[in-house]
Amino acid sequence: MNILVCLKQILDPEIPVRDFRVDPIKREAERGAAALVANIFCENALETALQFRERTNDARITVLSYGAPTAEDALRKALAMKADAAALVVNDGHAHPDSLTTARVLAAAARKLGPFDLIICGREAGDWGAGQTGGLLAEELGLPCVCFVDRIEQTNGKLRLRRQTDTGWEVLEAEPPVVVTITNDEHNVPRIPKVRDVMMSYRQPLTQWTLDDLEINADEARAGNTYYEVAELFIPQRETRCEFVAGDTLDEKVAAFAQRISEITSAL
């Protein structure tokens, strides 16, 4: 079985709050001191694929990313985690392409790399959290899509997919090929690669393409978000004030406190 796992590189969401900055003109987060890391939900997807391969002993895993040249680091980590192959489509245009553009690029790359029996994405990206790429990728490829899966099994030539709902577990069966988005679960926490595997990953070949190589209109792909616009992006500011009630005795302080509470309540 051929499996494709889509990865995205994002700003480290674990950056300390005091170091987080937003550019109000570009309406995006500033990198600043933040590192670039693989999106955690994409790593959940990769871990799910790796566990599937370990159970079946019959799968080849390819990882694919559409991003800046720095996304190679995320792909190298995936190779260190024991993915079989990796490919990068270099984004030399808008830093944050919309989900539809990303899906179209990934679909073109998947056709060139494939065919694949199973295409896996994270449920959403940890930076913008749109959660649309998996479904749009399925639409571009003309494949069914099952979302929020946390476990994949193979039975009688079909894929058994499990996901949690408000009323319990839902189990579906699908015939390959199919697109699946993975949610985080206690059983798909990404493994930590060994130091030797990290070093060896930089000796492995990595396929790299441009948009022209995939015969995609580069001008359209570089245009940025084409069907929505970020109107405003800011860090909420919370103001706090502290008042001390006065009084010579405890009873006077309690009365003054009650009076102040009443005034605030009335003002609301």
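Here, the structure is the one placed above.
So, a few notes on the structure that sits alongside this text. (Residues numbered from 1 in each chain as written. Predicted model: local features only at pLDDT ≥ 70, side-chain atom pairs only at ≥ 80, totals over all residues. Heavy atoms only, no water.)

1. Quick notes on the nonpolar core
As a reminder of what qualifies: Definition used in this section: a nonpolar core is a set of buried Ala, Val, Leu, Ile, Met, Phe, Trp, Tyr and Cys residues joined via side-chain atoms within 4.5 Å. Only protein chains enter the calculation, and the probe is 1.4 Å; a residue is then buried if its accessible area is under 20% of its type maximum, exposed if over 50%, and partly exposed in between. Put simply, DSSP H or I for four residues or longer makes a helix, DSSP E for two residues or longer makes a strand, and each gets a number counted from the N terminus. We call two residues in contact when some of their heavy atoms are within 4.5 Å.
Core analysis: the largest hydrophobic core is formed by 34 residues, its most contacted members being Ile-3, Val-5, Leu-46, Val-63, Leu-118, Ile-120 and Ile-152. Among the elements that make up this core, the one with the highest residue count is helix α1 (residues 40-56) (six residues). Apart from the residues within four sequence positions on either side, Leu-118 is in contact with Met-1, Asn-2, Ile-3, Leu-4, Ile-152, Leu-159, Val-178 and Val-180. Ranked by size, the runner-up nonpolar core spans 23 residues in total, among them Val-89, Cys-121, Leu-137 and Trp-209.

2. Looking at the sheet that holds strand β13 (residues 207-209)
The condition that has to hold: Two strands qualify as a pair provided DSSP detects at least 2 bridges between them. Lines fitted to the C-alpha atoms define the axes, with helices restricted to the stretch that makes contact. Angles between their N-to-C directions range from 0 to 180 degrees.
What the nine strands build is an open sheet, ordered β11-β10-β9-β12-β8-β1-β6-β7-β13; its pairing is mixed. Since the sheet does not close on itself, it has two edges, and those belong to β11 (168-174) and β13, each with one partner. Geometrically, the sheet is characterised by an average inter-axis angle of 30 degrees between neighbouring strands, direction not taken into account. Pairing of strand β1 (residues 2-7) with strand β8 (residues 118-122), which is carried by three bridges, proceeds in the parallel orientation. Looking at the pairing, Ile-3 lines up with Leu-118 of β8. Here helix α3 (residues 99-113) sits on the sheet and contacts β1, β6 (60-67), β7 (85-90) and β13; the angle it forms with β6, its principal contact strand, is near 145 degrees. Each of β1, β8, β9 (145-155) and β12 (178-182) touches helix α4 (residues 133-141); the most contacted strand, β8, lies at about 155 degrees to it.

3. Concerning the pairing of β6
We apply this condition: When the strands point away from the viewer, a crossover counts as right-handed if the path from the first strand over the helix to the second runs clockwise.
Judged by how many residues are buried, β6 sits mostly within the fold: seven of eight residues are covered. Bridge count between β1 and β6: six bridges; the pairing is parallel. Within the sheet, the bridge partner assigned to Leu-7 lies in β6 and is Ser-65. Direction of pairing for β6 relative to β7: parallel, over a ladder of six bridges. Counterpart to Val-63 in the pairing with β7 is Ala-86. With respect to chirality, the unit in which β6 leads through helix α2 (residues 72-80) into the neighbouring parallel β7 is right-handed.

4. As for unusual backbone geometry
A cis amide bond, omega 15 degrees, links Gly-114 with the succeeding residue Pro-115. Mapped onto the elements of the fold, Pro-115 is located in the loop between α3 and β8. Cis geometry marks the peptide bond from Pro-176 to Pro-177; its omega dihedral reads 0 degrees. Tracing the chain through its elements places Pro-177 in the loop between β11 and β12. Notably, Asn-57 is not glycine yet its phi reads approximately 55 degrees, a positive angle.

5. Side note on the packing of α3 against α4
Short version of the rule: Working rule for angles: under 35 degrees goes down as roughly parallel, over 145 as roughly antiparallel, 65 to 115 as roughly perpendicular, anything else as oblique. Crossings are sorted by hand: turned counterclockwise from the far helix by less than a right angle, the near helix makes the crossing left-handed, and turned clockwise it makes it right-handed.
For the pair α3 and α4, the least separation of the axes is 8 Å and the interaxial angle reads 50 degrees. As the angle between them shows, α3 and α4 are arranged oblique. Between α3 and α4 the crossing geometry is right-handed. Taking contact as the criterion, the partners of Ser-99, Leu-100, Thr-102, Ala-103, Arg-104, Leu-106, Ala-107 and Arg-111 in α3 are, on α4, Thr-133, Leu-136, Leu-137, Glu-140 and Leu-141.

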